Amino acid sequence: KIGAKLAIALILATAGAFVLSIKADLSFQQIGGPLGVVLAAFMYGVFSVGSKPLVKRYGAMPVAVWVAVLGTVFILPLLTWNFIANVTSLSIGGWLSVLYLAILSTVIANIILYTLIGGRAVSKLSVQLYLIPLVSLVGGIVLLGESITTFTILGAGLMLTATALATGRS
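Residues numbered from 1 in each chain as written. Predicted model: local features only at pLDDT ≥ 70, side-chain atom pairs only at ≥ 80, totals over all residues. Heavy atoms only, no water.

Colleague: Which parts of the structure should I look at to understand the overall build of the protein chain?
Modeller: When helices and strands are tallied, the protein chain shows 8 helices and 0 strands. By residue count, 25% of the 170 residues in the protein chain fall in the buried class. By element, 75% of the accessible surface of the protein chain is carried by carbon and sulfur atoms, the whole surface being about 10800 Å². (Helix = DSSP H or I, 4+ residues; strand = E, 2+ residues; numbered from the N terminus. Buried < 20%, exposed > 50% of the residue type's maximum accessible area, 1.4 Å probe, protein only. Areas by Shrake-Rupley, 256 points an atom, 1.4 Å probe, with all protein chains shown as cover.)

Colleague: What is the right way to read helix H5 (residues 92-117) from this model?
Modeller: At 3.6 residues per turn, the α-helix brings residues three or four places apart onto the same side. For H5, with 26 residues, the first-to-last C-alpha span of 35 Å sits near the 38 Å given by 1.5 Å per residue. The largest bend in H5 amounts to roughly 35° and is located at alanine 109. Residues of H5 that are buried include every one of Gly94, Ser97, Ser105, Asn110, Leu113, Tyr114 and Ile117, and no others. (Expected span 1.5 Å × (residues − 1). Bend = angle between axes of the 7 residues up to and from the residue.)

Colleague: How should I be thinking about the side chain of asparagine 110 in this particular structure?
Modeller: For asparagine 110, the location among the structural elements is in helix H5. By relative accessible area, asparagine 110 is classed as buried at 9%.

Colleague: Which parts of the structure should I look at to understand the nonpolar core?
Modeller: In summary, soluble globular proteins display a tendency toward joint burial of nonpolar side chains. In this structure, Val55, Ala60, Val63, Ala64, Leu113, Tyr114 and Ile117 together form the largest nonpolar core, which totals 7 residues. Those elements that provide at least two residues to this core are helix H3 (60-75) and H5. What tyrosine 114 contacts, discounting residues up to four positions off in sequence, is Tyr44, Phe47, Ser51, Val55, Ala60, Val63, Ala64 and Val67. In this structure, Ala17, Leu134, Leu137 and Met159 belong to the second largest nonpolar core, which totals 6 residues. (Core = buried A, V, L, I, M, F, W, Y, C linked by side-chain atoms within 4.5 Å. Contact = heavy atoms within 4.5 Å.)

Colleague: Could you clarify how one ought to interpret the environment of phenylalanine 42 in this entry?
Modeller: Among the secondary structure elements, phenylalanine 42 is positioned in helix H2 (residues 32-58). Among the residues examined, phenylalanine 42 registers a relative accessible area of 49% and is labelled partly exposed. Between the alpha carbons of phenylalanine 42 and threonine 14 there is a distance of 8.1 Å; along the sequence they are 28 residues apart.

Colleague: Would you mind showing me how to read the side chain of threonine 152 here?
Modeller: As for its position among the elements, threonine 152 is in helix H8 (residues 150-167). Exposure remark for threonine 152: the relative accessible area of 11% places this residue in the buried category. Residues contacting threonine 152, with those up to four places away along its chain left out, are Leu20, Leu137 and Ser147.

Colleague: Looking at this structure, I do not really get the packing of H5 against helix H7 (residues 132-144). What am I missing?
Modeller: Between two packed helices, both the angle of their axes relative to each other and the distance between the axes serve to describe the pair. The N-to-C vectors of H5 and H7 enclose an angle of 155°; their axes lie 10 Å apart at closest approach. Between H5 and H7, the angle falls in the class roughly antiparallel. Taken as a pair, H5 and H7 cross one another with a handedness that is right-handed. Residues Leu96, Ser97, Tyr100, Leu101, Leu104 and Ser105 of H5 form the contact with H7, whose own contacting residues are Ile132, Val135, Ser136, Val138, Gly139, Leu143 and Leu144. Its residues placed into classes, the contact of H5 with H7 shows 9 nonpolar, 4 polar and no charged. (Axes fitted to C-alpha atoms, helices over the stretch in contact; angles between N-to-C directions. Parallel < 35°, antiparallel > 145°, perpendicular 65-115°, else oblique. Left-handed = near helix turned anticlockwise from the far one by under 90°. Nonpolar A, V, L, I, M, F, W, Y, C, P; charged D, E, K, R; others polar.)

Colleague: Please explain the packing of H3 against H5 as it appears in this structure.
Modeller: It is at 8 Å that the axes of H3 and H5 come closest, and there the two elements cross at 135°. In terms of axis orientation, H3 runs oblique to H5. The way H3 lies across H5 gives a crossing that is right-handed. Here Ala60, Met61, Val63, Ala64 and Val67 of H3 lie close against H5, whose contacting residues are Asn110, Ile111, Tyr114 and Thr115. Residue composition of the contact of H3 with H5, by class: 7 nonpolar, 2 polar and no charged.

This is how it looks when you write it as structure tokens:
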């Protein structure tokens, strides 16, 4: 069940994801990227609800592994020669960024998520998916030297508030 408190948390988290994705000079034509980020987070939340029966039946680790394998298979047709050229020319910092995102934001986060899905209400846990952009944000700041802006602080604050609101005791 989604009560008023959880609905507010979901709205705050979605707003936070959107704010984290925008830049101060964003034009109407550039809004597709931030909307795509919000849509991806929403769809991942929907997938989490659908994965609960799989976690109960097979366990967290096998579900996390199969999600990664199937996700990779579905994205392979999108590869281009330009992408392959970019990957082969990555610097050490670039590879560290990829490893950081792959290990923390994908592998460890999914194992934790599916472990929690097995024993808790997915409606409360799905808001925690919005913490993934925060991990990516920290990685961008630490590894890539990205700047901290007003949007960064506002978006992170909204997402952390939403997560606290959704997962806190009533």
